[in-house]
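Examination of the molecular architecture
If you want the building blocks of each chain, they are given just below.
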Amino acid sequence: MSRRIDAPEGAAFDLADDAAYQAWRAAKLAHFPKSLAELVVEVRDPRALSPGERRALLERCERANMAVYASPLAGDPDKEIPRRLGLQLGLRDLDSNYLADDDGISPLAVAERGTRGEFIPYTNRGIKWHTDGYYNPAERSVRAVLLHCVERAEMGGENDLLDHEIAYILLRDRDPEHIRALMAGDAMTIPARVEDGRIERPAQAGPVFSVDAGGYLHMRYTARAVSIEWKRDTATQTALAALEDILAASSPFRGRLEPGMGLVSNNVLHTRTPFTDSDRHRRLIYRARYHQRVAAG
Ligand SMILES: [Fe+2]
């Protein structure tokens, strides 16, 4: 049968219940993949998975909160590829982003000009550790992210990937007080976005780590120093320094999505290295963000 890890249930993330945490931690580490290669599933057509392909993707997401698929659809710009793949993995509600195309699936490529060019995903610059949509309010939390590669860059454009549950374990093992500080409802504040003197989005305070209604861990984080205000007390600052240290010292999975490949994840921590396009290879990634986690249901 499957190697399903039981849903962690909130108790695993309760600092008062060390036994529940230790049991969940042991199972998590026992099943965790040793390499990125273990996460890769060959699929014939992401738009119409076979039952075995679907099971393989779900199983990897249960173990590592992410899976990589490799398909023969290199260079095919059909947006139905990410959309239909998502639907088969329980991903229905796309987070609408005012820069996304109307259908909620963002084509990430270097923008020549216009609004998109001001935002780092639409440049060829590197992006530090973060989870997607960390600035979203709780009711629009980004719980899953799907990236589909239509075309790669000439050079670069790799991703480091770290399961946020592993980051939690590394941090809690160092000192549970770090977790307490980062679960505080005012640990991080996203300042209001003001345009032309009008408040487009009010300031939002929230935790780094939280536990959703299903008992799953959610993480909001960015290593960028701009557009974020961290609580200034010692506990938060110490916890953040420990997290930065862990992210620098951990050996995350690093890989590059090649054309036809994609990443399905429960919004794990990730980076992007800088890249260079050429006439032959102009990077194009479709990104879809969802309000629910990958699920078999
Ligand atoms: Fe991202």
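In what follows, the accompanying structure is described. As the structure is a prediction and not an experimental result, all values here were calculated from the model. (Residues numbered from 1 in each chain as written. Predicted model: local features only at pLDDT ≥ 70, side-chain atom pairs only at ≥ 80, totals over all residues. Heavy atoms only, no water.)

Quick notes on helix 3 (residues 80-88)
Where helix 3 is concerned, the buried positions are Ile81, Pro82, Leu85, Gly86 and Gln88. On an axial view of helix 3, the arc spanned by its buried residues comes to 160°, and they lie on one face. Those residues of helix 3 that are buried are in contact with helix 2 (51-64), strand 2 (66-70), strand 3 (105-108), strand 5 (144-151), strand 16 (261-265) and strand 19 (284-290). Within two residues after helix 3, Gly90 carries a phi angle of roughly 80°, on the positive side. (Buried < 20%, exposed > 50% of the residue type's maximum accessible area, 1.4 Å probe, protein only. Helix = DSSP H or I, 4+ residues; strand = E, 2+ residues; numbered from the N terminus. Arc of directions from axis to C-beta. Contact = heavy atoms within 4.5 Å.)

Brief notes about the pairing of strand 5
In terms of burial, strand 5 is a largely internal element, seven of the eight residues being buried. Where strand 5 lies against strand 19, seven bridges are found, and the strand directions are antiparallel. Directly across from Ala144, in strand 19, lies its bridge partner Tyr290. Relative to strand 16, strand 5 runs antiparallel, the two sharing four bridges. Looking at strand 16, one finds that Leu147 is bridged to Leu263. (Pairing = 2+ DSSP bridges.)

Remarks on the pairing of strand 19
When you tally the buried positions in strand 19, you get seven out of seven residues, the bulk of the element. Of the two faces of strand 19, the one carrying Leu284, Tyr286, Ala288 and Tyr290 and the one carrying Ile285, Arg287 and Arg289 are both buried. In terms of strand pairing, strand 3 meets strand 19 through four bridges, oriented antiparallel. Looking at the pairing, Ile105 lines up with Ala288 of strand 19.

What about the packing of aromatic side chains?
Applying the stated criterion to the full structure yields nine aromatic pairs. For the ring pair Tyr21 and Tyr168, a centre distance of 6.1 Å and an interplane angle of 65° mean the geometry is edge-to-face. Pair noted here: Tyr21 is in helix 1 (residues 18-31) and Tyr168 is in helix 4 (residues 164-174), with a separation of 147 residues, a long-range link. Taken as a pair, Tyr21 and Tyr168 share a single burial class, namely buried. Where Tyr134 meets Tyr135, the ring centres are 4.9 Å apart and the plane angle is 70°; that geometry is what we call edge-to-face. Since its relative accessible area comes to 10%, Tyr134 is described here as buried. By relative accessible area, Tyr135 is classed as partly exposed at 25%. Here the aromatic cluster, defined as three or more aromatic residues joined through ring pairs, consists of Phe13, Tyr21, Trp24, Tyr168 and Phe209. Across the ring face of Tyr286, the terminal group of Lys79 is positioned such that the distance to the ring centre comes to 5.6 Å. (Phe/Tyr/Trp six-rings, centres within 6.5 Å; stacked < 30°, edge-to-face > 60°. Lys NZ or Arg CZ within 6 Å of the ring centre and 35° of its normal.)

Here's the deal with the coordination of the iron ion
Around the iron ion, the donor atoms from the protein are His130 (NE2), Asp132 (OD) and His270 (NE2), and they sit 2.1 to 2.2 Å away. Between consecutive donors of the iron ion, the numbers of intervening residues give the motif H-x1-D-x137-H. Of the two residues, His130 and Asp132, neither departs from the other in class, the shared state being buried. (Donors = N, O, S within 2.8 Å, 3.2 Å for Na, K, Ca; no water.)

Description of the side chain of Arg201
Positionally, Arg201 belongs in strand 10 (residues 198-201). Buried charge Arg201 goes without a salt bridge, the closest partner of opposite sign being Glu195 at 8.3 Å. Arg201 has contacts with Tyr135, Ile190, Pro191, Ala192 and Arg193, leaving out every residue within four places of it along the chain. (Lys, Arg positive; Asp, Glu negative; His and termini not counted. Salt bridge = Lys/Arg side-chain N within 4 Å of Asp/Glu carboxyl O.)

What about the sheet that holds strand 5?
An order of 1-2-16-5-19-3 is seen for the six strands of this open sheet, with the pairing classed as mixed. Of all the strands in the sheet, just strand 1 (40-42) and strand 3 have a single pairing partner and so form its edges. Taken pair by pair, the neighbouring strands of this sheet meet at an average axis angle of 20°, ignoring direction. Against the sheet, helix 2 engages strand 1, strand 2 and strand 16, with an angle of about 145° to strand 2. Across the face of the sheet, helix 3 comes into contact with strand 2, strand 3, strand 5, strand 16 and strand 19 while running at roughly 150° to strand 5. (Axes fitted to C-alpha atoms, helices over the stretch in contact; angles between N-to-C directions.)

Topic: the pattern of salt bridges
Throughout the structure, instances matching the rule amount to 27 salt bridges. Residue Arg25 pairs with Asp173 through a salt bridge whose shortest N-O separation is 2.7 Å. Note that Arg25 is positioned in helix 1 and Asp173 in helix 4, a separation of 148 residues in sequence. Its relative accessible area of 38% is what places Asp173 among the partly exposed residues. With its nearest N and O atoms 3.0 Å apart, the salt bridge here joins Asp45 to Arg47. Classification of Asp45 as buried rests on a relative accessible area of 15%.

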